[in-house]
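The primary structure of each chain is shown beneath.
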Amino acid sequence: MSGRALGRRFASALGGLADALLPSACALCAGGTGASGSPVCQACTQQFLTARGARCRCCANPLGAADTGLRCGACLADAPAYDATVAAGGYASPLDQLVLRLKFGGALALAPWCARALREAVLATQGFALPELLCPVPLGPARLSERGYNQALEIARPLSALLGIALQPRLALRRIDTPAQSGATVQERKKNMRHAFLVAPDMLARVRGRHIGVVDDVMTSGHTLNALAATLKRFGAARVSNLVFARTPPP
């Protein structure tokens, strides 16, 4: 682990100690969170994570007036490799700032809160079948070494306990360090993710015939999750569902 990563781990540990000793302030409104110990107050949780309108059962994008049934027109026209997506909220202000703090700022205390929000979304989704295993979207070796942690795994750990679903942190591996997807065009995103993943050889028996839940912090274009789902199905998964904290709205 790099010195930068160790520094972030240490800063996160100090932050957790401070939270235990000092009154908590909401990460969104700076108001008090009471004795709950949550980084986000109940009022903000209700305001920013309350579902608004129907979402596509497949990709979790909002359903428009022209959409019929439970899937959006895009998923009906070109079905992705994954079968379902549940999102706790939209990737928009101010939730996007929390995700960035978790992903790049070492604010690991936000991960359990994201997991609790995602659990509530999963349990509130009618007809959603719980996966048999949870798999975080893996980071490449270089990015994992630089960051010091995988934010998807940090969310998946408490989510596994909350849902009572086994977690397999190394079920899938990232074969190559793909470029950052932010700022890339649609075609570049597709090309970046081509052949990016594989299933760990010692995990093949755990994948075959199973329903795998893939956990991530944000779903943007869906190319990363689609590539991972295609890989899992190529190795025998029967079904793949995405469990993401935030969903970027369509352009």
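Criteria and cut-off values
Residues numbered from 1 in each chain as written. Predicted model: local features only at pLDDT ≥ 70, side-chain atom pairs only at ≥ 80, totals over all residues. Heavy atoms only, no water. Helix = DSSP H or I, 4+ residues; strand = E, 2+ residues; numbered from the N terminus. Expected span 1.5 Å × (residues − 1). Buried < 20%, exposed > 50% of the residue type's maximum accessible area, 1.4 Å probe, protein only. Contact = heavy atoms within 4.5 Å. Salt bridge = Lys/Arg side-chain N within 4 Å of Asp/Glu carboxyl O. Axes fitted to C-alpha atoms, helices over the stretch in contact; angles between N-to-C directions. Parallel < 35°, antiparallel > 145°, perpendicular 65-115°, else oblique. Left-handed = near helix turned anticlockwise from the far one by under 90°.

(A) Structural detail: helix 5 (residues 110-124). With 15 residues, helix 5 should reach 21 Å at 1.5 Å per residue; the first-to-last C-alpha distance of 21 Å fits that figure. When we look at burial in helix 5, the residues that qualify are Leu-110, Ala-111, Trp-113, Cys-114, Ala-115, Ala-117, Leu-118, Ala-121 and Val-122. The elements touched by buried residues of helix 5 are helix 2 (42-49), strand 1 (84-90), helix 4 (95-104), helix 7 (151-163) and strand 7 (239-247).

(B) Layout of the pattern of salt bridges. Inspection of every chain in the model, using the stated rule, returns five salt bridges. Linking Asp-217 and Lys-103 is a salt bridge whose minimum nitrogen-to-oxygen distance equals 3.7 Å. You can see Asp-217 sitting in strand 6 (residues 211-219) and its partner Lys-103 sitting in helix 4, a full 114 residues away along the chain. Relative accessible area serves as the criterion here: at 23%, Lys-103 is assigned to the partly exposed category. Residue Glu-154 pairs with Arg-157 through a salt bridge whose shortest N-O separation is 3.2 Å. Linking Glu-154 with Arg-157, this pair stays in helix 7, spanning three residues, or about one helical turn. Among the residues examined, Arg-157 registers a relative accessible area of 45% and is labelled partly exposed.

(C) Region of the structure containing the packing of helix 4 against helix 5. With their axes 10 Å apart at the nearest point, helix 4 and helix 5 run at an angle of 130 degrees to one another. In terms of their interaxial angle, helix 4 and helix 5 are classed as oblique. In this structure, the crossing between helix 4 and helix 5 has a hand that is left-handed. Contacts between helix 4 and helix 5 involve Leu-95, Leu-98, Arg-101 and Leu-102 from the former and Leu-110, Ala-111, Trp-113 and Cys-114 from the latter.

Functional significance is not addressed by these values, which are geometric in nature.
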